[in-house]
Each structure stands twice: as C-alpha cells, then as structure tokens.
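# Fold and contact review
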Amino acid sequence: MMKIFTFLVVLLVAVQLHAQNKSSFSAKEINGEVFLTVSIHSGNFCNGISLMRSEDSLNWEEIGLIAGYCGSISETVTYNFTDEDPIKNKTSYYRAVLNGLGATETRSVLVLDFDGSNYILTTNPVTDISYLYFNNAPNNEVTLSLYSYNGQVAYSETTTDAQFELHANNHQNGTYIFLIQDDEGNKLATGRLMIRNL
C-alpha cells in the first residue's frame, strides 16, 4: 500500500513539473483586478485552460475557463484572463490547469482595497506579525514612527515600499500611535495599534 501511495505522489509531482516546463504563468494586480497570463511553449498542446484561485493554496476554485484546443506546434501562444472580483486585503493564490499538461506553478497576489482609509493594518492587536499597508505609489522614502501614549518615540523604521512588517516580540505590550511620513514630512497615514505579546 505504501509503495502505491509513494508512486502516486511521485507521479503527481512529475505531472505538475511537466506542465511547468511546457508553459509559463504570471499573475499581477492592476487597478484592483488580477491579470493572469498563461503562455504555452511551442510544441505543446492542451484541451482547455482552467484558471484557479485559492485563499490558502490548498483549496482551489475555478474562476474562469478558456475552452478549446490550445497551444501550437511552431510558436509560443499566450492566453490572458482577468479576475475582475479578486479577494481583497488578503493574499490569494492563482494557478492554471492545462488539461492534458497538468498545473502551472502557483503565484500569489495581494489586492489592497483601502476603502476610503489611508492604511490597512492586517491584525490589530498585533500578537505575532502584522502588516501595515499604505499608499506609496511613487516609492518615496517614508518613515514609520510608533509613539507611546506619553509622546515618546518607541520605534522608527524607514522604507521605500508600501508596507511595514510589525513583529509583536520587538515591542513592549501597549497601545501606540503610529505616523507614516514621507521624506518631506508630509503625513501619509496615522492611527492606533495595540501590541499584545502572547
């Protein structure tokens, strides 16, 4: 029984690697939608492409189907699909199943919806790791400052990204005021967060 199970696992991995060598796959967020691109390399064919999405990379749902014969004997053929209603404010996973070739590699995408706010804090209170997202479209240098309630700077960090990663174990328990400013002193976001080490 164990040999059969091992054989099936090896066969499943081999089929997935087979598809990955015969195609390429990308997923990119553009204006709140996720643009998917599947390219089937020359000499490879499939019978339809199922576009799949997952919240945990384990349980998949089909969000689209490109029906019919796909691929070409002489050239790489590219197919596009747009997920117009992606999952917001949480990492989603995408892949394509090429019927006859197997599944492509998995790609992760985060679509942020600030919904009138100027920041998103993934978990508050912060008990382990939390992400603080904000709009930094031109990728300016920005500084995050955490202030204790008595006005003292408890923490400061600089980035050119549009997020800060907060680790609870790097801070004392308590409530903090945060301020994100660009290098010219313009306020991009401000709010409260709690640190609660478990």
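Above this text is the structure in question.
The present account deals with the structure reproduced in this document. (Residues numbered from 1 in each chain as written. Predicted model: local features only at pLDDT ≥ 70, side-chain atom pairs only at ≥ 80, totals over all residues. Heavy atoms only, no water.)

### Observations regarding the state of the cysteines
Counting across every chain of the model gives 1 disulfide. In this model cysteine 46 forms its disulfide with cysteine 70; the gap between the sulfur atoms is 1.9 Å. Residues cysteine 46 and cysteine 70 share a disulfide whose torsion about the S-S bond is about -115°; that sign makes it left-handed. In this pair, cysteine 46 sits in strand β3 (residues 44–54) while cysteine 70 sits in strand β4 (residues 60–72), placing the two residues 24 residues apart along the sequence. (Disulfide = S-S within 2.5 Å. Helix = DSSP H or I, 4+ residues; strand = E, 2+ residues; numbered from the N terminus.)

### Re the pattern of salt bridges
Counting across every chain of the model gives 4 salt bridges. Across the pair glutamate 105 and arginine 107 runs a salt bridge whose closest N-O atoms are separated by 2.9 Å. The buried category is assigned to glutamate 105, whose relative accessible area is 16%. By sharing partners, the salt bridges in this structure join Arg53, Glu61 and Asp83 into a single network. (Salt bridge = Lys/Arg side-chain N within 4 Å of Asp/Glu carboxyl O. Buried < 20%, exposed > 50% of the residue type's maximum accessible area, 1.4 Å probe, protein only.)

### Structural notes on the side chain of asparagine 136
Along the chain, asparagine 136 turns up in the loop between β10 (129–134) and β11 (142–147). The buried category is assigned to asparagine 136, whose relative accessible area is 4%. Among residues more than four places away in sequence, those in contact with asparagine 136 are Val142, Thr160, Asp161 and Ala162. (Contact = heavy atoms within 4.5 Å.)

### As for the pairing of β4
By the bridge criterion, 10 bridges tie β3 to β4 in an arrangement that is antiparallel. Of the residues in β4, the one forming a bridge with serine 50 is leucine 65. Remark: 5 residues form the turn of the hairpin made by β3 and β4, two consecutive strands paired antiparallel; serine 57 in that turn has positive phi of roughly 65°. (Pairing = 2+ DSSP bridges.)

### What to know about the nonpolar core
Nonpolar side chains in soluble globular proteins tend to end up buried together. Membership of the largest hydrophobic core comes to 19 residues, with the highest contact counts inside it found for Val38, Ile40, Ile49, Leu51 and Leu98. At the level of secondary structure, the elements contributing two or more residues to this core comprise β1 (23–30), β2 (33–40), β3, β4, β5 (77–83) and β6 (91–98). Here this core takes 4 residues from β2, the largest share from any one element. When residues no more than four places from it in sequence are discounted, the contact partners of leucine 98 are Ser23, Val38, Ile40, Cys46, Gly48, Ile49 and Thr104. Residues Phe134, Leu146, Leu193 and Ile195 belong to the second largest nonpolar core, which totals 16 residues. (Core = buried A, V, L, I, M, F, W, Y, C linked by side-chain atoms within 4.5 Å.)

### So, the sheet that holds β5
Here 3 strands make up an open sheet; going across it, the order is β1-β2-β5 and the pairing antiparallel. Strands with a single pairing partner mark the edges of an open sheet, and in this sheet they are β1 and β5. Going across the sheet, the axis of each strand differs from the next one's by a mean of 15°, ignoring polarity. Of the pairings in the sheet, the one linking β1 to β2 comprises 8 bridges and is antiparallel in character. Across the sheet, the residue bridging to serine 24 is serine 39, located in β2. (Axes fitted to C-alpha atoms, helices over the stretch in contact; angles between N-to-C directions.)

### Quick notes on unusual backbone geometry
The amide bond that connects asparagine 124 to the next residue, proline 125, takes the cis arrangement and shows omega of 20°. Here proline 125 shows up in the loop between β9 (119–121) and β10. Even without a glycine there, the phi angle at asparagine 31 is positive, about 50°. Residue position: asparagine 31 is located in the loop between β1 and β2. Judged by its relative accessible area of 74%, asparagine 31 is exposed.

### Examining the sheet that holds β11
The pairing of strands in a sheet comes from backbone hydrogen bonds and takes either a parallel or an antiparallel form. Here we have 4 strands laid out as an open sheet, ordered β12-β11-β14-β15, and antiparallel in their pairing. The open sheet is flanked by β12 (153–159) and β15 (187–195), the only strands paired with a single partner. Going from strand to strand, the sheet's axes swing by 20° on average, the running direction of each strand aside. Pairing analysis gives 8 bridges linking strand β14 (residues 174–182) to β15, with the strands arranged antiparallel. Counterpart to isoleucine 177 in the pairing with β15 is arginine 192.

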